[in-house]
Amino acid sequence: MKLLVPVKRVIDFNVKPRVKADGTGVDLANVKMSMNPFDEIAVEEAIRLKEKGVATEIVAVSIGPAKAQETLRTALAMGADRAILVTTDDEVEPLAVAKILAKIAAEEQPGMVILGKQAIDDDSNQTGQMLAALLGWAQGTFASKVEVDGESVNVTREVDGGLETLKLKLPAIVTTDLRLNEPRYASLPNIMKAKSKPLAQKTPADYGIDTSPRLSTLGVREPSKREAGIKVQSVDELIDRLRTVGVI
Amino acid sequence: MKTLVLVEHEGGQLKDATLSAVTAASKLGEVHLLVAGEGVGAVAQAAAKIAGAGKVHVADGPAFAHQLAENVAPLAAELMQGHDAFVAASTTAGKNVAPRVAALLDVMQISDVIAVEAEDTFQRPIYAGNAIATVRSADSKKVLTVRGTAFEKAAAEGGSGQIEAVPGGPDSGLSSFVGAEIAASERPELTSAKIIVSGGRALGSSEQFHALIDPLADKLGAAVGASRAAVDAGYAPNDYQVGQTGKIVAPEVYIAVGISGAIQHLAGMKDSKLIVAINKDEEAPIFQVADFGLVGDLFKLVPELTEKL
Ligand SMILES: Cc1cc2nc3c(=O)[nH]c(=O)nc-3n(C[C@H](O)[C@H](O)[C@H](O)COP(=O)(O)OP(=O)(O)OC[C@H]3O[C@@H](n4cnc5c(N)ncnc54)[C@H](O)[C@@H]3O)c2cc1C
Ligand SMILES: Nc1ncnc2c1ncn2[C@@H]1O[C@H](COP(=O)(O)O)[C@@H](O)[C@H]1O
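Residues numbered from 1 in each chain as written. Chains lettered and ligands numbered in written order. Predicted model: local features only at pLDDT ≥ 70, side-chain atom pairs only at ≥ 80, totals over all residues. Heavy atoms only, no water.

**Student:** Teacher, can you tell me more about the site of ligand 1 here?
**Tutor:** Looking at ligand 1, there are 28 residues lining it, with B:Arg201, B:Ser227, B:Gln241, B:Val242 and B:Ser260 nearest. Mapping the residues adjacent to ligand 1 onto the chains of the assembly identifies chains A and B. Here an oxygen atom of ligand 1 sits 2.8 Å away from a polar atom, N or O, in the side chain of B:His265. At 2.8 Å from an oxygen atom of ligand 1 is found a side-chain nitrogen or oxygen belonging to B:Asn279. In isolation ligand 1 offers 990 Å² of accessible surface; the protein chains occlude 85% of this area. Contributions of two or more residues to the shell around ligand 1 are made by helix H1 (37–51) of chain A together with helix H6 (228–232), helix H7 (263–269) and helix H8 (298–308) of chain B. (Near = heavy atom within 4 Å. Polar contact = N/O pair within 3.5 Å; in protein donor to acceptor, adjacent residues only side chain to side chain. Areas by Shrake-Rupley, 256 points an atom, 1.4 Å probe, with all protein chains shown as cover. Helix = DSSP H or I, 4+ residues; strand = E, 2+ residues; numbered from the N terminus.)

**Student:** I would appreciate a short explanation of the pattern of salt bridges in the present structure.
**Tutor:** Opposite charge on two side chains permits them to pair, given that their charged atoms come into close proximity. This model, assessed by the stated rule, comprises 31 salt bridges over all chains. Linking B:Lys273 and B:Glu252 is a salt bridge whose minimum nitrogen-to-oxygen distance equals 3.6 Å. Here the residue B:Lys273 occupies a position in the loop between H7 and strand E17 (274–279), and B:Glu252 occupies one in the loop between H6 and strand E16 (253–257), the gap between them amounting to 21 residues. Residue B:Lys273 is classed as exposed on the basis of its relative accessible area, which comes to 57%. Linked by salt bridges that have partners in common, A:Lys2, A:Glu57, A:Arg82 and A:Glu108 make up one network. (Salt bridge = Lys/Arg side-chain N within 4 Å of Asp/Glu carboxyl O. Buried < 20%, exposed > 50% of the residue type's maximum accessible area, 1.4 Å probe, protein only.)

**Student:** Could you clarify how one ought to interpret helix H6 (residues 235–244) of chain A in this entry?
**Tutor:** Quick reminder: α-helices carry 3.6 residues per turn. Residues three or four places apart thus point the same way. Considered for burial, the residues of H6(A) that qualify are A:Val235, A:Leu238, A:Ile239 and A:Leu242. Here the buried residues of H6(A) occupy an arc of 95 degrees about the axis, which is enough to place them on one side. For H6(A), exposure combined with an orientation more than 90 degrees from the buried face picks out A:Asp240 and A:Thr244. On its buried side, H6(A) packs onto strand E13 (230–232) of chain A together with E17, strand E18 (292–295) and H8 of chain B. Positioned one or two residues after H6(A), A:Gly246 has a phi angle of 80 degrees, which is positive. (Arc of directions from axis to C-beta. Contact = heavy atoms within 4.5 Å.)

**Student:** Just to check I follow, could you spell out the interface of chain B and chain A for this structure?
**Tutor:** When the parts of a complex come together, some accessible area is lost, and that lost area is often taken as the interface size. Taken residue by residue, the interface counts 81 residues in chain B and 76 residues in chain A. Ranking the residues of chain B by area buried against chain A places B:Met108, B:Tyr127 and B:Phe292 at the top, with a combined share of 12%. Seen at the junction of chain B and chain A, the total is six salt bridges. For B:Asp232, the salt bridge goes to A:Arg179, with nearest N and O atoms at 2.9 Å. Across the contact surface, chain B and chain A share 47 residue pairs in polar contact (both at pLDDT 80 or more). Partitioned by chemical class, the residues of the side of chain B that touches chain A number 40 nonpolar, 22 polar and 19 charged. (Buried area = accessible area lost by both parts, 1.4 Å probe. Nonpolar A, V, L, I, M, F, W, Y, C, P; charged D, E, K, R; others polar.)

**Student:** Explain unusual backbone geometry here, please?
**Tutor:** Comment: phi is negative for the bulk of residues other than glycine, and the bulk of peptide bonds are trans. All names here are of chain A. In the segment running from Leu 170 into Pro 171, the intervening peptide bond is cis, with an omega of -5 degrees. Not every positive phi belongs to a glycine, and Gln 109 is a case in point at roughly 55 degrees. Structurally, Gln 109 can be placed in the loop between helix H3 (94–108) and strand E6 (112–116). The phi angle at Asp 123 is positive, at roughly 50 degrees, despite the residue not being glycine. Residue position: Asp 123 is located in the loop between E6 and helix H4 (127–135). Since its relative accessible area comes to 8%, Asp 123 is described here as buried.

**Student:** Hey, could you run me through the nonpolar core in this one?
**Tutor:** Side chains of nonpolar character tend, in soluble globular proteins, to be buried together. Among the nonpolar cores identified, the biggest contains 93 residues, and B:Leu33 and B:Phe86 are the most heavily contacted of them. When residues in this core are grouped by element, the largest group, nine residues, is from H3(A). Among the nonpolar cores identified, the runner-up in size contains 43 residues, and A:Leu3, A:Val5, A:Leu85 and A:Val153 belong to it. (Core = buried A, V, L, I, M, F, W, Y, C linked by side-chain atoms within 4.5 Å.)

This is how it looks when you write it as structure tokens:
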């Protein structure tokens, strides 16, 4: 089967985001950008399914600025076969991303779409579930194990109380959680090879999707800061202090 | 405005997360509830008793037994024809279902709401809580998930909602439940605990994690949490993870043991009332948010603390 893997270009997880002084957003100028960590896990899972002989082709997709091409090249270097870049300089909300992905899924007819559970910039945790609704497919969110078995896939999910396993009819949507796998690094030869793998360029208009936002951001502020605390010198002092404030 | 709150339940018990969602919904307007499940009579009764409850729509049938998103979302979307806002808790159950409802309604969901400013205007954290955005929705219906730590729990008693059965929809046939490993614990639940003791990578092994963290938690009647590194290494189960991509907690006291304080971890606990950190590295970022920091070797300090309490 074919696998579709949507990957988003986001702020690198090691960078501490800073709110712009004018309160309009987070400052991304000259900030290191990378593939959303959950999407690396999605790409890795797709490659493992291909290595197991379950999948035959992996198509990576990104919706974003021209620079998202770098993110797609990373996916190709890891092991995706080809890529689709839907270029736009506007911020595209999860609902519109899901609509574009639904069109691409209709064209490509994948057996599964594997997404990250959450983009670490907008922290929405929506796109996969929305895509499942638009396509009328089953969804296995927050996956820590994916086992394809003929016409269905068993997905073990990380839920608040522990783990839950669902059996989904294929085609299906899977969103990745942290424990699904540990993504590989692309080797230098593979990075070179990725440069010549096919990358198709599209626009939202090619899919007939209106990406105008439903939400408008009225302002972005820093969270309230905590007062600096103190260092205690011993366990006894810690216990004294906790007793004084009355929490134990 | 008429809101529809998704009731979260497990083992015939209504979950606390529902009560925070009710409070958030009450800031928008009338609160009606949706209970979907199998054999959920008692849950429906409990939902009707929540202070402020209006109608309690109950879909009881085998298709809803495991609250599969493929079956619950169309039911909720159908009921939304008579409501203006769908509100679910930001739990794994809420996050699983709500976006599916939003897409069926062609609405952009507002995730993880921490404040309701107006019927269409909300605050939500982005970038691991390093920024708070105020957003206004232009959609005619709203779909929200709400962060439990940001809203008081509505009173579980005192309401007089009217229970109304809704016809159980057909099973979509898309998905089915295979099994679950739900940890039974004597300890309080992480998201509602007054005190949490969390362990990090420094614990070094599952044995040491349990030998050091559990007795301290037991002494304090606390819940046990963990950093991602501790969970990844198998020292603690996945449902212990606190952080941006785990559970968001805000207890009276949070004790971080051998946790460095990465932004992804801070995102899940920095709204705790009082933070205590034990770490051998006095430069560890966790000390920047700690009210009381104790620098030293946890293998010496934690047993001493447990003994002296
Ligand atoms: C997409 C993504 C999502 C993530 N989500 C989360 C999340 O939800 N929650 C989360 O926690 N992390 C998350 N992380 C991981 C996060 O970035 C950190 O890697 C993780 O929090 C580190 O865990 P730690 O503090 O236990 O380990 P470390 O950073 O290794 O820290 C261990 C600490 O223990 C101290 N120490 C060592 N030995 C001793 C001793 N004997 N006595 C006392 N102190 C000692 C050290 O000084 C150090 O500060 C995420 C990362 C990514 C990329
Ligand atoms: N612009 C985008 N391009 C490609 N994939 C995306 C995009 N936005 C979101 N996704 C996918 O959807 C997942 C969840 O994102 P979100 O719903 O924004 O938290 C991400 O991990 C990606 O797999």
